[in-house]
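Structure at a glance
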Amino acid sequence: MTTLSPPRPGPDPARPTDRAPRRRPFLRRYDWDAYLYLVPAFAFYLVFLVRPVVESIWIALFDWDGITASEWVGFDNFAGVLADPQIWQATLHSLVFVVFYALLPTALALVFVGAIARIRVRGLAAFRALLFVPYILSTVVVAISWRWIFAESGPLNTALRAIGLDGLTRAWLGDFTTALPSVGIIGTWVMFGLAFVLFVSGLQNIPAEQFEAARLDGAGPVREFFAVTLPSLRGEIQVALVLMITAALRNFDIVWNTTSGGPGTSTTVPSYFIYREAFVTHQVGRASAIAVVLTLLIFAIVGAVMWLTRDRDAAAPRGGNR
Amino acid sequence: MPTRRMRLTGAAAAVTALALGLAACSAPGGARTAPSAPVEEITAPVTPEQVAELGDVTLSVWADQGEQDFMDQLVPAYEAEFPNVTVDIQFKSFNDLTATVLNAMNSADAPDVAQGNQGWATDGALVKAGLIRPLDDVADAYDYRAAAGDAITQLQWSDDGASFGEGSVYGMSPDNQMVGLFSNRAKLAELGLGTPTTLDELEAAFAAAKAAGQTPLVLGNADKASAMQTFSILQGALTPAADTREWITGATGADFAVDSNREALDRFAEWVAKGYVSPGYDGTSPDDAAAAFASGDGVFFIGGNWYAGAISDGAAFDFTPGLADGDHATSGSFGMPWHVSSKSDASLAAIAFVGMVNSPESAELLAATHRVPIQPVEAAGDDAMFAALLDASATQLEGAGPLYWYDWATDTMFDTFTGGLQEVLAGRESADALLDRVQSDWVDFHTD
């Protein structure tokens, strides 16, 4: 059957067609012509995605300055990266960012969504658009704005002084203890809109009957949230977490434009070292090795999150998920 | 149904794509570019007649965006003198330029002329890869060597790019950049003080300013580099400039972990501890700090002469070079050097361009954009701040000279030094610990 032919009539479309009484050899079982339509897209994917990835992994096996002849070093670059305490420290910072860029926005957005599930919000579309703005703003603009907010004489400190909390004021991004959470808060602000918009659209797909039924059964707002809203948003939460965790782990632009990894090394992230090794110290092999390790880390964490948030009730369809 | 021909085409496309993917699997990088066709040595400035023999050419130039005002003057003058050449100039931000110039110069259509940056990361890599032409002949023909004096060493490399500070001149740069002391004249007068010229006087002025409720020193270190530049006024006063330069250019046996540098670090940390430095400096951008100082905050600002763009009022502010204790040494160097590509097929036109940029005649054009030329210029006119910049530059070049920049020492020194200095100033690391880290970074780099 080609993908373009109309559905074949018959009681069981999954059964092999009657027109082919003999069992087909494996390669003939599908109609390979259909795949021809995928060739242009696949070629594009191969050249612009698969090839650079393969190339990065390959380069990671060399000592190379990016210009002159390279030298095969096998897995030395990986060993060097894994033995570098600075990289581990940076990875730890990234994991802190996962809290601020993924967990916190998800939790906040769920609280908001739980609240608006019970009330009719006038102008929800405008509200939603407004909350989404941080996510679509250029990160450089975001970083510069927050640099101003967090500055010694910025609005945050002004507000603190106005309510008599002078003791708390500081240059938030320039302080060893507050720089990391401050950069994290920027991520929470950016990502909240994404989570909120995803969850609101998910909310609108929940049949009103479910809420009605819950209320008839006497569920309060909290019970309703955990029994109806939260389970129905499982898919959206999974998507949001995957997007936001990926953003947290490969975060570079906001860090670069607010603290450049400082003060000291208190806000370094792995991407910072990828940039430095590739463009400043010209150790392209090592930069590739860090990139490969970071990619594997992202795969591992995202994979774990997808597994934890999988649909446990649905029977696993044969031949894999979807 | 697709025809057989379509299938074959599709299969061919897939195979081609796959091959492209696998093409990655040969060792990356090529051999060092052999110095292309023997470079034409020049003995006198390139003449329009010589360049005319090239026929109509387009000269591709990569420059830092800070050069734009100067280039707006220079490019028309060049095109008028060499009418068969069209200059195609691209401006890049400093970060973009230093991150990409190496790959650009290595590409098939490399720019004929590009600016680099002294130190291992950019110029060293360009020399090592054989991508730029030695300019010894050009430096002589355009009277550049004499104007540069001893500081020419910052442009010299061994031909394999393995050592810095001696060898051939590989770049030329027309302006001098240096860290100096900006001071608020009115506030100093209120304190009954003149511009300090020694370390003792400076620290006495800090104490007096603090006692009078002023911020003694305005600092913005969000870029991490500014505190390192500020540090140079102390380090330059306490350690002989020649020692520091030897260490930066990688002379065998040089050591940064010496008592005078420890004292400099301890004193700087003491400035912070005593409240001499504006609070929240690590979270303040240097531009914001300079703007605050220009609008009347604080008594002193230590920074590069390029901040004279923001702190421009020579009646209100003074600019002086490093302290007399160290014969006026502070961090400083020439601006970003101009290079001629060794791949250029119009090298004479390229040489003519770099020569003109660095010629005595262009010094006036440069001075007109308020940058401090290396070549001598007429008086600064009635701009008091610019006059101060010219004086300071001359004083330093005649004195101990610039220290260069600490982060030139190794390709990772910027992070080691700036991050560590932040730790020391915050009292989280001892001066000894930082000096150890700095020196072992240096040793690692030079034993590689």
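Residues numbered from 1 in each chain as written. Chains lettered and ligands numbered in written order. Predicted model: local features only at pLDDT ≥ 70, side-chain atom pairs only at ≥ 80, totals over all residues.

A separate point is the overall build of chain B. Within chain B, the secondary structure is distributed over 18 helices and 11 strands. Expressed as lengths along the three principal axes of its C-alpha atoms, the size of chain B is roughly 90 × 55 × 50 Å. In chain B, which comprises 448 residues, the proportion classed as buried is 53%. Within chain B, residue pairs in contact and separated by at least 24 positions form 77% of the contacts whose partners lie at least 6 positions apart. (Helix = DSSP H or I, 4+ residues; strand = E, 2+ residues; numbered from the N terminus. Buried ≥ 20, exposed ≤ 12 C-beta atoms within 10 Å, placed from the backbone. Contact = placed C-beta atoms within 7 Å.)

This part covers the overall build of chain A. For chain A, the helix and strand inventory stands at 15 helices and two strands. Residue pairs at least 24 apart in sequence account for 74% of intrachain contacts in chain A once pairs closer than 6 positions are excluded.

Let us look at the interface of chain A and chain B. How big an interface is tends to be stated in terms of accessible area lost as the parts join. The interface is formed by 41 residues belonging to chain A together with 43 residues belonging to chain B. Elements supplying a minimum of two residues to the side of chain A that touches chain B: helix H2 (33-36), helix H3 (39-59) and helix H14 (270-280) of chain A. With 11 residues, H3(A) is the single largest residue contributor to the side of chain A that touches chain B. Taken together, the residues that form the side of chain A that touches chain B break down as 24 nonpolar, 10 polar and seven charged. (Nonpolar A, V, L, I, M, F, W, Y, C, P; charged D, E, K, R; others polar.)

Moving on, we come to the pairing of strand E2 (residues 85-92) of chain B. Residues and elements named next belong to chain B. In this sheet, E2 lies alongside strand E1 (residues 57-64) in parallel orientation, the contact comprising eight bridges. Bridge pairing in E2 places Val-61 opposite Ile-89. Between E1 and its parallel partner E2, the chain crosses via helix H3 (residues 68-81), and the hand of that crossover is right-handed. (Pairing = 2+ DSSP bridges. Right-handed = clockwise from strand over helix to strand, strands pointing away.)

What follows covers the domain arrangement of chain A. Residues and elements named next belong to chain A. With domains assigned, chain A is organised as domain 1 (33-74) and domain 2 (78-314). Between the C-alpha centres of domain 1 and domain 2 the distance comes to 31 Å. Listed per partner, the contact involves 10 residues of domain 1 and eight residues of domain 2. Breaking the side of domain 1 that touches domain 2 down by element, the ones donating at least two residues are H3 and strand E1 (62-63). The element best represented in the side of domain 1 that touches domain 2 is H3, accounting for three residues. Taken together, the residues of the side of domain 1 that touches domain 2 sort by class into six nonpolar, two polar and two charged. (Domains from an automatic or database assignment.)

Attention now moves to the packing of H14(A) against helix H15 (residues 284-308) of chain A. Residue and element names in this part refer to chain A. For the pair H14 and H15, interaxial distance at closest approach is 7 Å and the crossing angle is 160 degrees. Accordingly, the angle class assigned to the pair H14 and H15 is roughly antiparallel. Crossing hand, H14 versus H15: left-handed. Residues Pro-270, Phe-273, Ile-274, Glu-277 and Ala-278 of H14 touch H15, and the partners they reach there are Val-284, Arg-286, Ala-287, Ile-290, Ala-291 and Leu-294. Classifying every residue of the contact of H14 with H15 by side-chain character gives nine nonpolar, no polar and two charged. (Axes fitted to C-alpha atoms, helices over the stretch in contact; angles between N-to-C directions. Parallel < 35°, antiparallel > 145°, perpendicular 65-115°, else oblique. Left-handed = near helix turned anticlockwise from the far one by under 90°.)

Nonpolar side chains in soluble globular proteins generally cluster together in the buried interior. Residue and element names in this part refer to chain B. Phe-182, Leu-217, Phe-293, Phe-301, Ile-311 and Leu-389 are the most contacted members of the largest nonpolar core, which totals 73 residues. Setting aside residues up to four positions removed in sequence, Phe-301 forms contacts with Phe-182, Val-218, Ala-289, Ala-290, Phe-293 and Ile-311. Ranked by size, the runner-up nonpolar core spans 64 residues in total, among them Ile-42, Trp-62, Ala-349 and Ala-350. (Core = buried A, V, L, I, M, F, W, Y, C linked by C-beta atoms within 7 Å.)

It is worth spelling out the sheet that holds strand E3 (residues 113-115) of chain B at this point. Residues and elements named next belong to chain B. The mixed open sheet is built from four strands, whose spatial order is E2-E1-E3-E11. Bordering the open sheet on either side are E2 and strand E11 (338-340), each of which pairs with just one other strand. Adjacent strand axes in the sheet meet at a mean angle of 20 degrees, parallel and antiparallel pairs treated alike. Sheet topology places E1 next to E3; two bridges connect them, and they run parallel. Residue pairing in the sheet places Trp-62 in a bridge with Ala-114 of E3. Lying on the sheet, H3 is in contact with E1 and E2; it crosses E2 at an angle near 170 degrees. Sitting on the sheet, helix H14 (residues 347-357) touches E1, E2, E3 and E11, and the angle it makes with E11 is about 165 degrees.

Attention shifts here to the packing of helix H5 (residues 85-116) of chain A against helix H9 (residues 179-204) of chain A. Residues and elements named next belong to chain A. Contact geometry for H5 and H9: axes closest at 7 Å, N-to-C directions at 40 degrees. When the interaxial angle is binned, H5 and H9 end up oblique. Here H5 runs over H9; the crossing is right-handed. Within the contact of H5 with H9, the residues separate by chemical class into 20 nonpolar, five polar and no charged.

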